[in-house]
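Now for the letters of each chain:
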Amino acid sequence: AGLCWCCVLWLAIRSVSLETLPSAPPPLTLTKVTLTMIMFHELKLVDEFKISGSTLLRFINACKLNYRPNPYHNFKHAIDVLQVCFMFLKTTKLRELLLPVDSLVLMVSAICHDLEHPGLNNNFQINAKTSLAVLYNDVSVLENHHCCLAFQILSKQEENIFVNLESAQWQEVRHGMISAILATDMTKHFELVGRFKSYSETAKFHKERKDERQLLLEMIVHAADISNLTRPQPVSRVWSDLLFEEYLQQGDEEKRLGLPVSPYMDRDHTDQVKMSINFVDFIGLPLFTALAREFVELTQSVENLKGNRKWWETRRAELSDGDPSRPPSTPQKPPATPPPPPDAPAPQATT
């Protein structure tokens, strides 16, 4: 008999990291571009801001074409981050704290946040003295590039989904997107989380205050960007392996160029387990614990984080008890076919 498009939407988007399942059964075979179109329609952004369907499609395809086939930082990751932002808006009180234009900023920032990522991080750009590092004076090099490319795409009439915004709205959207995308620079993590905790522990957020709305946007995009940590373990492990492989490829390139090899990126001397545990302890748990105090729907995300940390601890013990000739740092190649994720809302099992 078939399913209505709303059912297809909910089945597809509520799947935790649908895109890690290449052989998903119908109706979960929607393309990433189609899913993006549906999310924009479901949030009423198309109607609210008079976005032409054909323009939206061209914009999404332009974004897709400007993502590189990296193991981790690719279009699949962008849509995964977009899906998490969508679920924040649909399943938590976030939308009550934002204006409609903020929802637009959040969604467009998510899909643009890693445009043309080279798979080589800011540390590499600076050490290698790349043209991007020179252009952006070693400051948030990649994040500035992602922003610049986003507005280059939007400057083309056939891809400009902001064409019907009023001048003041356009300025607000541009400022919001730049701030949100720059907030994904990991060097800003502690300052961002500190600002959020300081405010949320002493006051309530109000949608009438622009600076408070912007703080929320920055936190949500940043959280969505690293929310793979909070996926159920089989899915979280797949994302971890993909990111780790990208790190190792960077280490290979650093060796080839005679640059200092970044921590954990030396293929011959690395430790994925230690890296993962440290990232949970110092980055993931403080971030999502702070968010869960404001958005109770994220309580399960925190529990997933703790469960994933426990899994890595078990993995470390297994490696220590195993063959002494095999160091715990031996990297494993990501599986060809990742395990299917369970059907659950992203913010409850959330980047």
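Please read all numbers here as calculations on a predicted model, not as lab measurements.

A. Geometry of the environment of S262. Within the secondary structure, S262 sits in the loop between α13 (233-257) and α14 (272-294). Sequence separation between S262 and L248 is 14 residues, and the spatial gap between their C-alpha atoms is 9.5 Å. If we skip the residues at most four places from it in the chain, S262 touches N123, Q250 and E254.

B. Molecular detail of the nonpolar core. Formed by 81 residues in total, the largest nonpolar core has its most connected members in F59, L104, M107 and M177. The element that contributes the greatest number of residues to this core is helix α5 (residues 75-91), accounting for 11 residues. With near-sequence residues (within four places) excluded, M107 lies in contact with M39, F40, L43, L45, L82, C85, F86 and L89. Of all hydrophobic cores here, the second largest spans 5 residues; its members include A133, Y136, V141 and L142.

C. Broad picture of the environment of R95. Within the secondary structure layout, R95 lies in the loop between α5 and α6 (100-112). Overall, the relative accessible area of 31% leaves R95 in the partly exposed class. C-alpha separation for the pair R95 and L43, spaced 52 residues apart in sequence, amounts to 10.0 Å.

D. Representation of the packing of aromatic side chains. Summed over all chains, the structure comprises 7 aromatic pairs. Ring geometry for F88 versus F295: centroids 6.3 Å apart, planes at 80°, classification edge-to-face. Within this pair, whereas F88 is found in helix α5, its partner F295 is found in the loop between α14 and α15 (299-321), the two being separated by 207 residues in sequence. F295 matches F88 in its accessibility class, with the two residues each being buried. Measuring from ring centre to ring centre gives 4.9 Å for Y199 and F205, while their planes differ by 45°; the resulting arrangement is tilted. Both residues of the pair, Y199 and F205, belong to the buried class. Taking NZ or CZ as reference, R174 lies 4.6 Å from the ring centre of F151, over its face.

Scoring rules and cut-offs
- Residues numbered from 1 in each chain as written.
- Predicted model: local features only at pLDDT ≥ 70, side-chain atom pairs only at ≥ 80, totals over all residues.
- Heavy atoms only, no water.
- Helix = DSSP H or I, 4+ residues; strand = E, 2+ residues; numbered from the N terminus.
- Contact = heavy atoms within 4.5 Å.
- Core = buried A, V, L, I, M, F, W, Y, C linked by side-chain atoms within 4.5 Å.
- Buried < 20%, exposed > 50% of the residue type's maximum accessible area, 1.4 Å probe, protein only.
- Phe/Tyr/Trp six-rings, centres within 6.5 Å; stacked < 30°, edge-to-face > 60°.
- Lys NZ or Arg CZ within 6 Å of the ring centre and 35° of its normal.

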